[in-house]
Amino acid sequence: MTEKDLTLTVGESFTAGLLHWQLNAAQVPLNGGALWAQTPFASLTVLAEVANRLADEHQSLLALVVSDRQDDRLSLALHTPQGTFAEAISFNVTRYSLQTHQEVVAMLAMNMLRRWLNGWSPYGGHGWITVVETLD
């Protein structure tokens, strides 16, 4: 991202700051962000608008947003100069701890960013996590 002169803003609920912390530890050029107790984002379209607004507010070209979890579902959005991508995922495996779920979601968000940076579709296979819906 540094080579491409890109900065990233992160907004998160479910991951509770973990995503920002992991990106900062990897020396990703971050430019602000938001941490929400809850994100009542009813649709992927609304979450995509939140990512777009967050990027504008913090003057970043990129924004990565993680919603809160509603039952077994949560959503991720990536705002880029070429458009905003969002996906809803479902966790239906209860044997893992909350911490494990948070770590997996942070990894999924970072993978979405990595895929876009490599020129690939931001959406990829996730093994035991079901992608319920996508928005491009």
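The structure displayed is predicted, hence computed values, not measured ones.

> Before we move on, could you go through the pattern of salt bridges and cite the residues and values that matter?
Scanning all chains against the criterion turns up one salt bridge. Close ionic contact of Arg73 with Glu133 constitutes a salt bridge, the shortest N to O distance being 2.9 Å. Here Arg73, found in strand E4 (residues 73-80), pairs with Glu133, found in strand E6 (residues 130-135); they are 60 residues apart in sequence, far enough to count as distant. The class for Arg73 is partly exposed, based on a relative accessible area of 33%.

> So what's going on with the sheet that holds strand E1 (residues 8-12)? Which residues, and what values?
Here we have six strands laid out as an open sheet, ordered E2-E1-E3-E4-E5-E6, and mixed in their pairing. The sheet terminates laterally at strand E2 (30-35) and E6, the two strands that pair on one side only. Along the sheet, successive strands turn relative to each other by an average axial angle of 15°, direction set aside. Pairing between strand E5 (residues 83-90) and E6: five bridges, direction antiparallel. Each bridged residue has a counterpart across the sheet, and for Ser90 the counterpart in E6 is Thr130. Strand contacts of helix H2 (residues 44-57): E1, E2, strand E3 (62-66), E4, E5 and E6, with the helix running at about 40° to E4, the strand carrying the most contacts. Sitting on the sheet, helix H3 (residues 98-117) touches E1, E3, E4 and E5, and the angle it makes with E4 is about 30°.

> So what about the side chain of Ser67? Which residues, and what values?
Structurally, the position occupied by Ser67 is in the loop between E3 and E4. The exposure class assigned to Ser67 is buried, which follows from its relative accessible area of 4%. A polar contact of 2.8 Å, which involves the side chain of Ser67, links it to the backbone nitrogen of Ser75.

> Before we move on, can you summarise the pairing of E5 with the specific residues and values?
Burial of E5 is extensive: seven of the eight residues sit out of reach of the surface. When E4 meets E5, the two strands line up antiparallel, connected through eight bridges. Following the sheet pairing, Ser75 is matched in E5 by Ala88. In textbook terms, the turn of a hairpin is the stretch between consecutive antiparallel strands, and for E4 and E5 this stretch comprises two residues.

What counts as what
Residues numbered from 1 in each chain as written. Predicted model: local features only at pLDDT ≥ 70, side-chain atom pairs only at ≥ 80, totals over all residues. Heavy atoms only, no water. Salt bridge = Lys/Arg side-chain N within 4 Å of Asp/Glu carboxyl O. Helix = DSSP H or I, 4+ residues; strand = E, 2+ residues; numbered from the N terminus. Buried < 20%, exposed > 50% of the residue type's maximum accessible area, 1.4 Å probe, protein only. Pairing = 2+ DSSP bridges. Axes fitted to C-alpha atoms, helices over the stretch in contact; angles between N-to-C directions. Contact = heavy atoms within 4.5 Å. Polar contact = N/O pair within 3.5 Å; in protein donor to acceptor, adjacent residues only side chain to side chain.

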